[in-house]
Amino acid sequence: MELPLQITFHNMERTPEMEAIVRSRAEKMDKYADHIMSCRVVVDTPHRRHRRGNHYQVRIDLKLAGSEIVCNREPPEHSQDEDIAVALRDAFDSARRQMEDYVRLRRGFVKTHQQVPHARVIKLFPVDGYGVIATSDGREVYFRRRNVLNDGFDLLEIGSEVAFSQEEGAQNLQASTVTLLRR
């Protein structure tokens, strides 16, 4: 980190043990991303006088080159945050995941989903249990009853819009799965 770590304890006593946990976890953040400019951690007990124990709120602000990551773990959502070590662990794990996503995005390693091809049913032979779909580029793809998901073969009609995945068949293109898009 370029700037020193800032640790603030609010509505609670600062102890060397808690500060050591925060410092240890903050130092580990350096291995997930280069050029962390600053890290600020605020540990708070917003409601100090509960019958069954206090809940801890942890906020982590990380400033990176070109971005800021903020992780805020609040007590009402996380009832197990009665232990400060658990609250700190969860908050730093959340910040780490956000930082890993940020690094992947900057490096261009973002997973893209492959577009599922769409087609329309142009021929249907219910007695024989097969049909043919036409893709937008004019190809014809053969499919069988067993390739239609969710037992949807009987719901198909000429003109039905479907999504499909294909494979090379014995004679031509064949759909390995067909999904009815609109009923």
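See above for the structure.
Residues numbered from 1 in each chain as written. Predicted model: local features only at pLDDT ≥ 70, side-chain atom pairs only at ≥ 80, totals over all residues. Heavy atoms only, no water.

Side note on the packing of aromatic side chains
Heads up, the condition is: When the centres of two rings from Phe, Tyr and Trp lie within 6.5 Å, Trp using its six-membered ring, the rings pair. Their planes under 30 degrees apart give stacked, over 60 give edge-to-face, and anything left gives tilted.
Tallied over the full model, the rule gives three aromatic pairs. These aromatic residues form a ring-pair network of at least three members: Phe125, Tyr130 and Tyr142.

With respect to unusual backbone geometry
Condition: Secondary structure is summarised from DSSP: a helix means a run of H or I of at least four residues, a strand means a run of E of at least two, and numbering begins at the N terminus for each. Burial classes: relative accessible area under 20% of the type maximum marks a residue as buried, over 50% as exposed, and values in between as partly exposed (1.4 Å probe, protein chains only).
We note that asparagine 11 has phi near 60°; this positive angle belongs to a residue other than glycine. Considering the arrangement of structural elements, one finds asparagine 11 in the loop between strand 1 (6-10) and helix 1 (16-29). The class of asparagine 11 is partly exposed, set by a relative accessible area of 31%. Despite not being glycine, asparagine 150 shows a phi value in the positive range, around 60°.

Some points on the pairing of strand 6 (residues 130-135)
Our working definition: A strand pair is defined by DSSP finding two or more bridges across the two strands.
For strand 6, the buried fraction is high: five of the six residues fall into the buried class. When strand 5 (residues 118-125) meets strand 6, the two strands line up antiparallel, connected through six bridges. Directly across from valine 121, in strand 6, lies its bridge partner isoleucine 133. Where strand 5 hands over to strand 6, the hairpin turn is made up of four residues, of which glycine 129 adopts a positive phi near 80°. Pairing of strand 6 with strand 7 (residues 140-144), which is carried by five bridges, proceeds in the antiparallel orientation.

Quick look at the pattern of salt bridges
Put simply, the rule is: Salt bridges are counted wherever a side-chain nitrogen of Lys or Arg sits within 4 Å of a carboxyl oxygen of Asp or Glu.
The full count for this structure, using the stated rule, is 10 salt bridges. The residue glutamate 19 makes a salt bridge to arginine 23 at a minimum N-O spacing of 3.2 Å. Here glutamate 19 pairs with arginine 23, and both are found in helix 1, just four residues apart, close to one helical turn. Look at arginine 23 and you get partly exposed, because its relative accessible area is 36%. In this structure, arginine 139 engages aspartate 137 in a salt bridge whose closest nitrogen and oxygen atoms are separated by 3.2 Å. Ionic contacts of the salt-bridge type, sharing partners, join the residues Arg14, Glu19 and Arg23 into one network.

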